[in-house]
Amino acid sequence: LPYEQAVINNTLTNQWLLGPRAHHADDHAMGAVYLDLYERIGGEEKIVHLKQQFDKVLANQPDTSLYFDDDDKFHQNLAHRNFDDPACTIRWCWADAIFMAPPVWAELARITGSQKYLDFMDKEFWVTTDYLYNTDEKLYLRDSRYFKRKDSKGRLIYWGRGNGWVLAGIARTLKALPDHFAEKERYESLFQEMSARLVDLQQKDGSWPSSLLEIEEQSPPESSGTGLLVYALAWGVNSGLLQDEKYIDAVHKGWASLIDSVQPNGKLGWVQQVAFAPGSATADDTQLYGTGALLLAASQVIQLDEK
């Protein structure tokens, strides 16, 4: 297939390497592609570096606080780039990390049969969730900077794309968890609880706003968060975890919003730019991760429609 070959070509250029930061969730995310290709066509070389990096993490498991301090940086001078990341990012201290890392750890455990990767993922996932998940709102805060920041109506701020990263990340993690895993039902319950809440926050046009609680008036669509949420909800329906008709309706409405955000030339608009909090987007704003979210959503919507 031409798409699969394009992915193989890119990964060959990348020499099957993860990003250079051994502990950083963003640099783990590429491992999902390597694992998928390894399972499709074999070749141990595809996951050698992935296992090496994850084994490094297991041998040196950080116990630093998840407190997100912009003034406390972790400096790394690496071969092609120097990094100054908040010190807490050697753990999963921000909501986006739930999408980037746990699915890869769970998938590596599934493919290799090695419990150590699953045990680490499970431990760190619930540390992050206990820290950032608000059980009253049934939503994740983006990071500890949002424990006290409020919107214009005095409410805590829940970022649409941030919760999209989380729900899609939980879906991708659940796909890899074995049925005999004792904690699997806990992940399923969290997924169902968040899904029910997020459906209530969907706007009339099918999109989700960049700031999830601001639904008193129709906000402009934000297609990257919407794409991630449509993907996750459609996967939930397809997997049998979300059985109420309201979820199918939410997926169809969300998909219609995404289609409306695609211009005649194929460009996806209304993508909020790189950020860590709610913000504006315009019809001309796009980013690769927005297109990726749209394609993820399509992969599940197709299956739903085939049913």
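Here the structure is a predicted model, which means the values were calculated and not measured.

## Description of the nonpolar core
Then step 1. Core analysis: the largest hydrophobic core is formed by 86 residues, its most contacted members being Trp105, Phe125, Ile170 and Phe191.
Then step 2. Of all the elements, helix H9 (residues 223-239) adds the most residues to this core, at nine residues.
Then step 3. Contact partners of Phe191, with chain neighbours within four places excluded, come to Leu167, Ile170, Ala171, Leu174, Ala232, Trp235, Gly236, Leu241 and Leu242.

## Comments concerning the pairing of strand S1 (residues 73-77)
Then step 1. As paired elements, S1 and strand S2 (residues 82-86) share five bridges and run antiparallel to each other. The residue of S2 that forms the bridge with Phe74 is Asp85.
Then step 2. Where S1 folds back onto S2 in an antiparallel hairpin, the turn is made up of four residues.

## Details of the packing of helix H7 (residues 160-176) against helix H8 (residues 184-200)
Then step 1. Between H7 and H8, the least distance of the axes is 10 Å, while the angle of their chain directions is 145°. For the pair H7 and H8, the crossing hand works out as left-handed. Facing Asn163, Val166, Leu167, Ile170, Ala171, Thr173 and Leu174 of H7, the residues of H8 in contact are Lys184, Tyr187, Glu188, Leu190, Phe191, Met194, Ser195 and Leu198.
Then step 2. When its residues are assigned to classes, the contact of H7 with H8 shows ten nonpolar, three polar and two charged.

## Notes on the side chain of Asp96
Then step 1. Looking at the element boundaries, Asp96 is found in the loop between S2 and helix H4 (97-100).
Then step 2. Within the structure, Asp96 has its side chain in polar contact with the side chain of Arg142 (distance 3.3 Å).
Then step 3. When residues no more than four places from it in sequence are discounted, the contact partners of Asp96 are Arg142, Trp159 and Trp165.

## Considerations on the pattern of salt bridges
Then step 1. Scanning the entire structure with this criterion turns up 20 salt bridges.
Then step 2. Note that Arg40 is salt-bridged to Glu4, the shortest N-O span being 3.0 Å. Of this pair, Arg40 sits in helix H2 (residues 31-41) while Glu4 is found in helix H1 (residues 2-13), placing the two residues 36 residues apart along the sequence.
Then step 3. Look at Arg40 and you get exposed, because its relative accessible area is 54%.
Then step 4. Glu4 sits in the partly exposed class, given a relative accessible area of 23%.
Then step 5. Linking Glu137 and Arg197 is a salt bridge whose minimum nitrogen-to-oxygen distance equals 2.6 Å. Residue Glu137 is located in the loop between strand S3 (133-134) and strand S4 (139-140), and its partner Arg197 is located in helix H8; the two are separated by 60 residues in the primary sequence.

## A word on the state of the cysteines
Then step 1. The tally for this structure, following the rule as stated, stands at one disulfide.
Then step 2. One disulfide in the model links Cys88 with Cys93; its S-S distance is 2.2 Å. One disulfide, between Cys88 and Cys93, carries an S-S torsion of 55° and so falls in the right-handed class. There is no split in this pair, since Cys88 and Cys93 are both buried.

## Concerning the side chain of Thr173
Then step 1. Within the element layout of this structure, Thr173 appears in helix H7.
Then step 2. Overall, the relative accessible area of 1% leaves Thr173 in the buried class.
Then step 3. The contacts of Thr173, once residues within four sequence positions are left out, are Pro102, Pro103, Ala106, Met121 and Tyr187.

## Side note on the packing of aromatic side chains
Then step 1. Tallying each qualifying case throughout the model produces 13 aromatic pairs.
Then step 2. Ring plane angle 35° and centroid distance 4.5 Å describe the contact between Trp105 and Phe120, whose orientation is recorded as tilted. Taken together, the residues Trp105 in helix H5 (residues 102-112) and Phe120 in helix H6 (residues 115-132) connect sequence positions 15 residues apart.
Then step 3. Under the relative-accessibility criterion, Trp105 is labelled buried at 0%.
Then step 4. For the ring pair Phe125 and Trp126, a centre distance of 4.9 Å and an interplane angle of 80° mean the geometry is edge-to-face.
Then step 5. What makes Phe125 buried here is its relative accessible area of 0%.
Then step 6. Judged by its relative accessible area of 9%, Trp126 is buried.
Then step 7. Through pairs of rings, three or more aromatic residues link up here, namely Phe54, Trp92, Trp105, Tyr117 and Phe120.

Conventions and cut-offs
- Residues numbered from 1 in each chain as written.
- Predicted model: local features only at pLDDT ≥ 70, side-chain atom pairs only at ≥ 80, totals over all residues.
- Heavy atoms only, no water.
- Core = buried A, V, L, I, M, F, W, Y, C linked by side-chain atoms within 4.5 Å.
- Buried < 20%, exposed > 50% of the residue type's maximum accessible area, 1.4 Å probe, protein only.
- Helix = DSSP H or I, 4+ residues; strand = E, 2+ residues; numbered from the N terminus.
- Contact = heavy atoms within 4.5 Å.
- Pairing = 2+ DSSP bridges.
- Axes fitted to C-alpha atoms, helices over the stretch in contact; angles between N-to-C directions.
- Left-handed = near helix turned anticlockwise from the far one by under 90°.
- Nonpolar A, V, L, I, M, F, W, Y, C, P; charged D, E, K, R; others polar.
- Polar contact = N/O pair within 3.5 Å; in protein donor to acceptor, adjacent residues only side chain to side chain.
- Salt bridge = Lys/Arg side-chain N within 4 Å of Asp/Glu carboxyl O.
- Disulfide = S-S within 2.5 Å.
- Phe/Tyr/Trp six-rings, centres within 6.5 Å; stacked < 30°, edge-to-face > 60°.

Note that every value here comes from positions in space, so none of it alone points to a role or purpose.
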